[in-house]
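Architecture at a glance
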Amino acid sequence: MRKLLYLSSEDIAALDIKPRAAREALAHAFRLHAEGRTHVQPKLTVPVGPGHFFQSLCAAMPDPPFATTKWVGVAAGNNERGLPNVNGLIVVSDFTTGVPVAVLDGTSLTVLRTAAMSALAASYLARADSSTIGFIGCGAQACGHLASLRDVLPGLSKVVCNSRRRSSAEKLAAFARESGLDAEVADHPGEALACDVVVTTVPAQPGLEPFLDASLPRPGCFVAAVDLGRPWRGEALRTFDVLATDDHAQAADPANRAKLRYPGPFDADLASLVAGTAASRTDEKQRAMFLFPGFALGDLAIAAEVIAEAGRTGRGLHLPL
């Protein structure tokens, strides 16, 4: 009997996918993408209202031989309901036969994917001697990014945490200290912007006005704008020496351009960085930003790594098809 693997958020957490493994899975997928061997469609969005929409992200590749679709629902008011703002599932099919293979929790996998994408970009665009990292927004994505970026930038030793909710910043600071890092809670985002590496993960909120000045990050910094750049004043973003995104074609799609605080053009994307066809940092004083809407190929690459690890460990529930 054919069976369908189901992996919950608890299953994915228990698999403990290492940052290096996730980063290498992404690098492999983007090498294939640079060679024209993947199949990816632009993100499809169904808008409902401010901060309320649904999205579908689809991709396929021959190695590992899978195709995926991620279905995501975003509702900005969910925190008041005691629910996450972003919820999703990932459906995986066999690349050759189209037979469904697995269903995975999309929310926890997205944290893994997004942090690994930022870390992959940082391996090309961040200074290797970076020692301080600042967070503006301190939720689940911030925790995932701290682990992934520390793996690729082992010199990171100090964490500065700023959040609209001080309790979130204190929670991230405690997590950092438990990981052996020096950490402090900052009352003003400018303190986080003064770090060598900056990660912004500000959630969508009705009426949010940009409040971050692109001229403030220091020379030589690397910024991962995980939040579409929504807290940044867009007119000044071109002052960064290098602006990179996850995929040129997706960033140029009109629907995605409308969401990004900076609409392009971009100097590089992950495929061009991995393939060596785009210049990475050429000067220690250059400032670089990775501004990206999320790319379906990243979900596929991490889903394949998760499925492989589940197969090695026997984790997950098998359902009859």
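Thresholds applied
- Residues numbered from 1 in each chain as written.
- Predicted model: local features only at pLDDT ≥ 70, side-chain atom pairs only at ≥ 80, totals over all residues.
- Heavy atoms only, no water.
- Helix = DSSP H or I, 4+ residues; strand = E, 2+ residues; numbered from the N terminus.
- Rg over C-alpha atoms; globule rule 2.2 N^0.38 Å.
- Buried < 20%, exposed > 50% of the residue type's maximum accessible area, 1.4 Å probe, protein only.
- Lys, Arg positive; Asp, Glu negative; His and termini not counted.
- Charge placed at Lys NZ, Arg CZ, Asp CG, Glu CD.
- Contact = heavy atoms within 4.5 Å.
- Core = buried A, V, L, I, M, F, W, Y, C linked by side-chain atoms within 4.5 Å.
- Phe/Tyr/Trp six-rings, centres within 6.5 Å; stacked < 30°, edge-to-face > 60°.
- Lys NZ or Arg CZ within 6 Å of the ring centre and 35° of its normal.
- Axes fitted to C-alpha atoms, helices over the stretch in contact; angles between N-to-C directions.
- Parallel < 35°, antiparallel > 145°, perpendicular 65-115°, else oblique.
- Left-handed = near helix turned anticlockwise from the far one by under 90°.
- Nonpolar A, V, L, I, M, F, W, Y, C, P; charged D, E, K, R; others polar.
- Salt bridge = Lys/Arg side-chain N within 4 Å of Asp/Glu carboxyl O.

This brings us to the overall build of the protein. Looking only at helices and strands, the protein features 11 helices and 16 strands. Here the protein has a C-alpha radius of gyration of 19 Å; the compact-globule value for 321 residues is 20 Å, and the two agree. Counting only C-alpha atoms, the protein reaches 60 × 45 × 40 Å along its principal axes. Out of the 321 residues belonging to the protein, those deemed buried represent 51%. Each charge class in the protein can be summarised by its mean position, and for the 31 positive and 33 negative side chains these summaries are 2 Å apart.

Inspection of the secondary structure puts Cys161 in strand β9 (residues 158-162). If near-sequence neighbours (up to four positions away) are discounted, Cys161 is found in contact with Phe135, Cys138, Ala169, Leu172, Ala173, Glu184, Val185 and Ala186.

A few words now on the side chain of Ser148. Its place among the elements puts Ser148 in helix α5 (residues 140-152). Apart from residues no more than four positions distant in its own chain, Ser148 is found in contact with Pro19, Arg23, Ala115, Ala116 and Ala119.

Turning to the nonpolar core, a few remarks are in order. Among the nonpolar cores identified, the biggest contains 74 residues, and Phe30, Leu104 and Phe222 are the most heavily contacted of them. Here this core gets 10 residues from one element, more than from any other, and that element is helix α11 (residues 296-313).

In this section: the packing of aromatic side chains. Within this structure, the stated rule accounts for five aromatic pairs. Judged by centre distance (6.2 Å) and plane angle (80 degrees), the ring pair of Trp232 and Phe240 falls under edge-to-face. With respect to burial, Trp232 and Phe240 carry one shared label: buried. Seen from the ring of Phe240, Arg287 lies directly overhead, with NZ or CZ sitting 4.4 Å from the centre.

On to the packing of α5 against helix α6 (residues 166-178). The interhelical angle for the contact between α5 and α6, taken along N-to-C directions, is 25 degrees, at an axis separation of 10 Å. One finds that α5 runs roughly parallel with respect to α6. Along this stretch, α5 crosses α6, giving a crossing that reads as right-handed. Only Leu172, Phe175 and Ala176 of α6 make contact with α5, whose side of the interface consists of Ala142, Cys143 and Leu146. Grouping the amino acids of the contact of α5 with α6 by side-chain chemistry returns six nonpolar, no polar and no charged.

Moving on to the pattern of salt bridges. Opposite charge on two side chains permits them to pair, given that their charged atoms come into close proximity. Taken as a whole and judged by the stated rule, the model has 15 salt bridges. Two residues, Asp16 and Lys18, come together in a salt bridge whose shortest N-O distance is 2.6 Å. Residue class for Asp16 comes out partly exposed when judged on its relative accessible area of 44%. For Lys18, a relative accessible area of 48% gives the class partly exposed.

Turning next to the packing of helix α4 (residues 106-125) against α5. Viewed as axis vectors pointing N to C, α4 and α5 meet at an angle of 40 degrees, and their least axial separation amounts to 8 Å. Of the two elements, α4 crosses α5, and the hand of that crossing is right-handed. Counted together, Thr110, Val111, Thr114, Ala115, Ala116, Ser118, Ala119, Ala122 and Ser123 of α4 and Ala140, Gln141, Gly144, His145, Ser148, Leu149 and Val152 of α5 form the full contact between these two elements.

The quantities given are spatial measurements derived from coordinates; they are silent on function.
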